[in-house]
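Here's the letter readout for the chains.
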Protein chains: 2
Amino acid sequence: MRASNLYAPTLRNTPAEAEIVSHQLMYRAGMIRKVAGGMYTFLPLGWRVIRKIEQIIREEMDAAGGQEVCMPILQPSELWEESGRWAAYGDEMMRIKDRHSRDFCLGPTHEEMITDLVRDEVRSYKQLPLMLYQIQDKFRDERRPRFGLMRSREFIMKDLYSFDKDVEGMNESYRKMYDAYTKIFTRMGLEFRPVEADNGAIGGGHSHEFTVLADAGESNIAYCTSCDYAASDEKAELKPLDIPAEEELPLEKVSTPGTNTIESLCEYLHVSADQTIKAVAYQTDKDELVLAFVRGDHEVNEVKVINQIEGALDLRMADEDAIRAAGGCPGFMGPIGLKKGTHVLVDATVMKMHNAVTGANEADAHFRQVNPERDFDRGAVVVADLRMVSEGDPCPHCGAPLKMTRGIEAGQVFTLGTKYSQAMGAVFLDENGKEQPLVMGCYGIGVGRTMAAAIEQNNDEQGIIWPRAIAPFEVVIVAVNAKKDDQLAYAEGVYEECRQAGMDVLLDDRRERAGVKFKDCDLIGYPVRVVIGPKAVDEGVIEVKVRRTGEVYTFHREEYLSKVQELLKTL
Amino acid sequence: MRASNLYAPTLRNTPAEAEIVSHQLMYRAGMIRKVAGGMYTFLPLGWRVIRKIEQIIREEMDAAGGQEVCMPILQPSELWEESGRWAAYGDEMMRIKDRHSRDFCLGPTHEEMITDLVRDEVRSYKQLPLMLYQIQDKFRDERRPRFGLMRSREFIMKDLYSFDKDVEGMNESYRKMYDAYTKIFTRMGLEFRPVEADNGAIGGGHSHEFTVLADAGESNIAYCTSCDYAASDEKAELKPLDIPAEEELPLEKVSTPGTNTIESLCEYLHVSADQTIKAVAYQTDKDELVLAFVRGDHEVNEVKVINQIEGALDLRMADEDAIRAAGGCPGFMGPIGLKKGTHVLVDATVMKMHNAVTGANEADAHFRQVNPERDFDRGAVVVADLRMVSEGDPCPHCGAPLKMTRGIEAGQVFTLGTKYSQAMGAVFLDENGKEQPLVMGCYGIGVGRTMAAAIEQNNDEQGIIWPRAIAPFEVVIVAVNAKKDDQLAYAEGVYEECRQAGMDVLLDDRRERAGVKFKDCDLIGYPVRVVIGPKAVDEGVIEVKVRRTGEVYTFHREEYLSKVQELLKTL
């Protein structure tokens, strides 16, 4: 490809709405253009990146036993009625009627479609396991689409669905996909973590998010510096902290006027936050009161709280009336003396505390010298891991200190179990001739999101720094002054040699100033730049620059090709 | 790939709704499944075919200078308002509102989107010519989707748009695309004709349909047996027929009671139809009366009639009142004696007739011995090519007799001129610094439709006969009895050899009866079948069958690989 024919309009300026660097750089480098909020056109360079990402995904899906199919974007509402999601899915689902007033949606995901596809034709355990996938546009009408390809309304996704005869089979498929995802993100040259995730509303069982590390990420991740444990902050397990033993003093109620925050309480009683017990009061979507207690210097993890209350889907802060009805007092809550039947959840670390301070469930009063194992009614409280991870917490696997980082969820693997197969009657006959529901998993990768994440992780002041595997071109040959026939001819020779050596190469033959071309090279982020100037023509000396390191090499014509190939292997 | 893992559910029966052979065979061969009317899922085998077709298209688009992009499926109504097509496009356009009640459509085509994309960034003639394309889902809400992939509502299309600085440039781009299309359909191994087409409402200028010849086709094509002329029946040009000279007898009015059809007239006057002049009376969408005259044995081509009337978009049969108001008489119309100002169109062949019969514009009366050049008011009639082609008509280029055939329009190339660029303000600065609208063309290929057309053209009682280039697999290796370890091992060895020789090969290792497997091979239509049975194991004799010819060869193990490669080259 020649840059003189390439449609890649680069820009100096960034549109105001581009808030994050990947959006800014894709725009400036002429890779995407906005059509409407959350809808983008991929220009040739951007599309080359997408196709390379797709191809890596495809190869690894095939290698793992996946078979590529393609389902329609339009999905009949009837299928979603069967799973119960037509009503449950909110405004994010884009709905449309055809000319006969039949309801369809623009697929936000394809569980119903794939279950419908196999339910009539997978009849025997002999046809299992089965893994089908597609790479295709999905639609979610985000309330506030933003961040370019990171949160768009029309986006490309690879979605694979696995079908097994039992849970062991499902777990085996899950492991295959986990391994395939690991290969995919490794091949793309990205730094990532498979992160244990809470799989929220989508289904039960395991889930990992494949998270590309980057400061602009929306996910907070805790990862171990010593073993390979990693988890989203919402999911990260924490063992109770070890707290040195202490002589247990007798429980004592003290007057603590106006100390309805941990800070004011510590000041008033001259104690540190880690000697106090903090309360957070919630109400569930079914209006049940839930009181959660963690150490004063810790934070409550609401996902862990929800997981303790059967049937709860959502939490909100509790009303004062509800608190009082349970025998509590807002601002002065404690686990001692609440009415029977109240959900009282206590973080496991709290149970290890000695001589702590907690609210006395009356205004302006606290207990001190609280010793939870001695003083709490163990029949009335649930002890569990309730707290939010923070940097330095011990790894639940090996005990080494956890680090916190931010990342972008680019892929996710889920076990679905029989949620859809049962709802939709997708059954097979097992070895004993008995009807069983298919046991499913689903596995997604956001293709555009992966592109954005790659840029978030790999950029500098000048522009993008592509990992070689997903660069729009691996190598750019720049004819410094393309108006000079000898330079252009030399550059064309080098271009042909690189092409014939199997490189994915662009010839920048534009009759622009060298500075403009170099700036574009850095902005677009080709991994290797080969410069053909007078020195090449006169002396056979070729300058090669590596985008990532900024290192510049000079090679003789006889050796440059093998040298460039060696450099590429490292990028 | 191994058939034991392949998801390709084949069926004995055809669904009732599958009216044509391609639909039936794709369904039975496990290539597609219906989701809703005109919406299909591609199963793995079908998707392999689609991807091969796409890849051939992509390579030829790139070779011709096209650059691949990808535009959103959702298109904001504002762009269609600019071109005037938001209102003009009827129920075929699927419309949707987002959560903010903003109007979008599901793209039926992308002229507006591509024009919007380039209008801000193509500023100079130096950026031209430019050709951008995509391969993507399109949506048209057909009133009556049918024939499987032939007329579906969600379908895959390649659409390329060319931008040039002038009409010569546009014509050059058109020629490049014409040549690329010729290569594409040739590479796919299809018998096709580039057919001159009427490009109807889409825009002015040239148009060719790339038509795959097949009996189930919806297009009627006239093609020359001697030169490469081909045209749709609506478009086929016809030169006036040579009619031997004759002594011109005087015009004479005769009573012809009740002869308001050509048939009754011929019988009454003892003449043949080719001695009569037939009239057809139309009214345009603007209610103008149009009288068209052709020889009695010819048919009127309404497209040609419309093209003669400036501003007319549509024709309907004329009311009797309108005919009488123009001085005519229904059933007894003739060009002589009509009121001034009536559109009177006469086919050029009529002008060559001698001593013909025509209506006298009064009930039960005709003129005979009509000699048009002598008797018609040449100032009041328009002479043009008005007639519909039929088999045996002379080729307008070389005069050899035309043949008629049916075909499936799989691709179309159009010149658009400045229709969209003017409406949407897509301008550039020419060599003189003057603002000019971009001169455009558009070029589509229906990918799924091409797959269907290939099957329509290549099938027999047993199933599909794929041309090698677009077969789901080129070669299938059948282990006759896969339960026998020695046969399976032998087949696996052959499979590996074929793979390593670069063939696209499937191993049918299913533990099914040989008959079932052979039937599936014929149904799915792999070009070459390699059979590994006891003879292979015992004597090293390998049976090879060519699907298209049915020919069976036996090769020794040492030679089979090169022989199969030779056979593949012919398929």
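Scroll up to find the structure.
Here is a short report on the structure shown in this document. (Residues numbered from 1 in each chain as written. Chains lettered and ligands numbered in written order. Predicted model: local features only at pLDDT ≥ 70, side-chain atom pairs only at ≥ 80, totals over all residues. Heavy atoms only, no water.)

### A few points about the overall build of chain A
A tally of helices and strands in chain A yields 16 helices and 31 strands. With the principal axes as the frame, chain A shows a C-alpha extent of 95 × 65 × 45 Å. For chain A, the share of sequence-separated contacts (at least 6 apart) that also reach a separation of at least 24 residues comes to 69%. When the accessible surface of chain A is totalled, it reaches about 23400 Å², and 46% of it is carbon and sulfur. In chain A, the 69 positive side-chain charges and the 93 negative ones have mean positions that sit 5 Å from each other. (Helix = DSSP H or I, 4+ residues; strand = E, 2+ residues; numbered from the N terminus. Contact = heavy atoms within 4.5 Å. Areas by Shrake-Rupley, 256 points an atom, 1.4 Å probe, with all protein chains shown as cover. Lys, Arg positive; Asp, Glu negative; His and termini not counted. Charge placed at Lys NZ, Arg CZ, Asp CG, Glu CD.)

### Some remarks on the packing of aromatic side chains
Residue and element names in this part refer to chain A. Applying the stated criterion to the full structure yields 22 aromatic pairs over all chains. Judged by centre distance (6.3 Å) and plane angle (55°), the rings of Phe-473 and Tyr-526 are tilted. Pair noted here: Phe-473 is in the loop between strand S26 (463–464) and strand S27 (475–479) and Tyr-526 is in the loop between helix H14 (514–524) and strand S29 (528–532), with a separation of 53 residues, a long-range link. Both residues of the pair, Phe-473 and Tyr-526, belong to the buried class. An aromatic cluster of three or more residues is present, and its members are Tyr-178, Tyr-181, Phe-185, Phe-192 and Phe-210. A cation over a ring is seen here: Arg-95 above Trp-86, with NZ or CZ 4.6 Å from the ring centre. Seen from the ring of Tyr-490, Arg-557 lies directly overhead, with NZ or CZ sitting 4.6 Å from the centre. (Phe/Tyr/Trp six-rings, centres within 6.5 Å; stacked < 30°, edge-to-face > 60°. Buried < 20%, exposed > 50% of the residue type's maximum accessible area, 1.4 Å probe, protein only. Lys NZ or Arg CZ within 6 Å of the ring centre and 35° of its normal.)

### Some details on the pattern of salt bridges
Residue and element names in this part refer to chain A. If you walk through the whole model with that rule in mind, you get 94 salt bridges over all chains. A salt bridge links Glu-172 to Arg-175; its shortest N-O distance comes to 3.2 Å. Separated by 3 residues within a single helix, Glu-172 and Arg-175 lie in helix H6 (residues 167–187), roughly one turn from each other. Owing to a relative accessible area of 41%, Arg-175 belongs among the partly exposed residues under this scheme. Residues participating in the shared-partner salt-bridge network are Glu-142, Arg-151, Glu-218 and Arg-449. (Salt bridge = Lys/Arg side-chain N within 4 Å of Asp/Glu carboxyl O.)

### Examining the interface of chain B and chain A
Counting residues at the interface gives 53 residues for chain B and 53 residues for chain A. Interface area, chain B with chain A, both sides summed: about 4700 Å², of which 59% is carbon and sulfur. One can count 7 salt bridges joining chain B with chain A. Joining chain B to chain A, the criterion identifies 18 residue pairs in polar contact (both at pLDDT 80 or more). In terms of residue count, the dominant contributor to the side of chain B that touches chain A is helix H2 (residues 44–63) of chain B (5 residues). Classifying every residue of the side of chain B that touches chain A gives 31 nonpolar, 5 polar and 17 charged. (Buried area = accessible area lost by both parts, 1.4 Å probe. Polar contact = N/O pair within 3.5 Å; in protein donor to acceptor, adjacent residues only side chain to side chain. Nonpolar A, V, L, I, M, F, W, Y, C, P; charged D, E, K, R; others polar.)

### Some points on the relation of the copies chain B and chain A
The two copies are related by a screw motion: chain B maps onto chain A through a turn of 180° and a shift of 0.0 Å along the axis, at an RMSD of 0.1 Å. Taken together, the rotation and translation describe the operation of a two-fold axis. Within chain B, the C-alpha atom positioned nearest to the axis of rotation is that of B:Ile96, 2.9 Å from it. With an isologous cut-off of 70% or more, the 100% of interface residues of chain B that recur at the interface of chain A puts this contact in the isologous class. (Least-squares fit on C-alpha atoms with pLDDT ≥ 70 in both.)

### Considering the packing of helix H1 (residues 21–28) of chain A against helix H12 (residues 447–457) of chain A
Residue and element names in this part refer to chain A. Axis separation between H1 and H12 bottoms out at 8 Å; the angle between their running directions is 100°. By the angle between their axes, H1 is roughly perpendicular relative to H12. Contacts from Val-21, Ser-22, Leu-25 and Met-26 in H1 reach Met-451, Ala-452, Ile-455 and Glu-456 in H12. Residue composition of the contact of H1 with H12, by class: 6 nonpolar, 1 polar and 1 charged. (Axes fitted to C-alpha atoms, helices over the stretch in contact; angles between N-to-C directions. Parallel < 35°, antiparallel > 145°, perpendicular 65-115°, else oblique.)

### Brief notes about unusual backbone geometry
Cis peptide bonds are those with omega within 30 degrees of zero, and the linkage from A:Leu128 to A:Pro129 qualifies with -5°. Among the secondary structure elements, A:Pro129 is positioned in the loop between helix H5 (111–119) and strand S7 (130–139).

### Comments concerning the sheet that holds strand S30 (residues 541–546) of chain B
Residues and elements named next belong to chain B. With mixed pairing, 5 strands are arranged side by side in an open sheet as S28-S27-S29-S30-S31. Only two strands of the sheet have a single neighbouring strand rather than two, namely strand S28 (505–508) and strand S31 (552–556). Taken over all neighbouring pairs, the strand axes of this sheet differ in orientation by 25° on average, direction set aside. Relative to S30, strand S29 (residues 528–532) is paired through 4 bridges, and the arrangement is antiparallel. Looking at S30, one finds that Val-530 is bridged to Val-544. Set on the sheet, helix H15 (residues 514–524) makes contact with strand S27 (475–479), S28, S29 and S30; between it and S27 the angle comes to about 175°. (Pairing = 2+ DSSP bridges.)

### Notes on the sheet that holds strand S19 (residues 365–370) of chain B
Remark on secondary structure: sheet strands pair via backbone hydrogen bonds, oriented parallel or antiparallel. Residues and elements named next belong to chain B. Across the sheet, 3 strands lie side by side as S13-S19-S18; this open sheet has antiparallel pairing. Two strands close off the open sheet at either side, each with one partner strand: strand S13 (252–255) and strand S18 (356–359). Here the strands of the sheet are splayed against their neighbours by 30° on average, with no regard to which way each runs. Here S18 runs beside S19; their pairing, made up of 3 bridges, is antiparallel. By the bridge assignment, Gly-359 is partnered in S19 with His-366.

### Comments concerning the pairing of strand S9 (residues 192–196) of chain B
Residue and element names in this part refer to chain B. Most of S9 is tucked away: 4 of the 5 residues are buried. Bridge count between S9 and strand S10 (residues 207–213): 5 bridges; the pairing is antiparallel. Paired with Val-195 across the bridge in S10 is Glu-209.

### Remarks on helix H17 (residues 560–569) of chain B
Residue and element names in this part refer to chain B. Listed as buried for H17 are Tyr-560, Val-564, Leu-567 and Leu-568. The buried residues of H17 all sit within an arc of 100° when viewed along its axis, so they share a single face. Elements in contact with the buried residues of H17: S27, helix H14 (485–500), S29, S30 and S31. (Arc of directions from axis to C-beta.)

### Observations regarding the side chain of A:Glu154
Within the secondary structure, A:Glu154 sits in strand S8 (residues 154–164). No salt bridge is formed by the buried A:Glu154. Its closest oppositely charged neighbour is A:Arg153, at 8.5 Å. Separated by 3.1 Å, the side chain of A:Glu154 and the backbone nitrogen of B:Leu74 make a polar contact. Not counting residues within four places of it along the chain, the set of residues in contact with A:Glu154 comprises A:Gly38, A:Met39, A:Asp137, A:Lys138, A:Phe139, B:Pro72, B:Ile73 and B:Leu74.

Shape descriptors only; they carry no functional weight alone.
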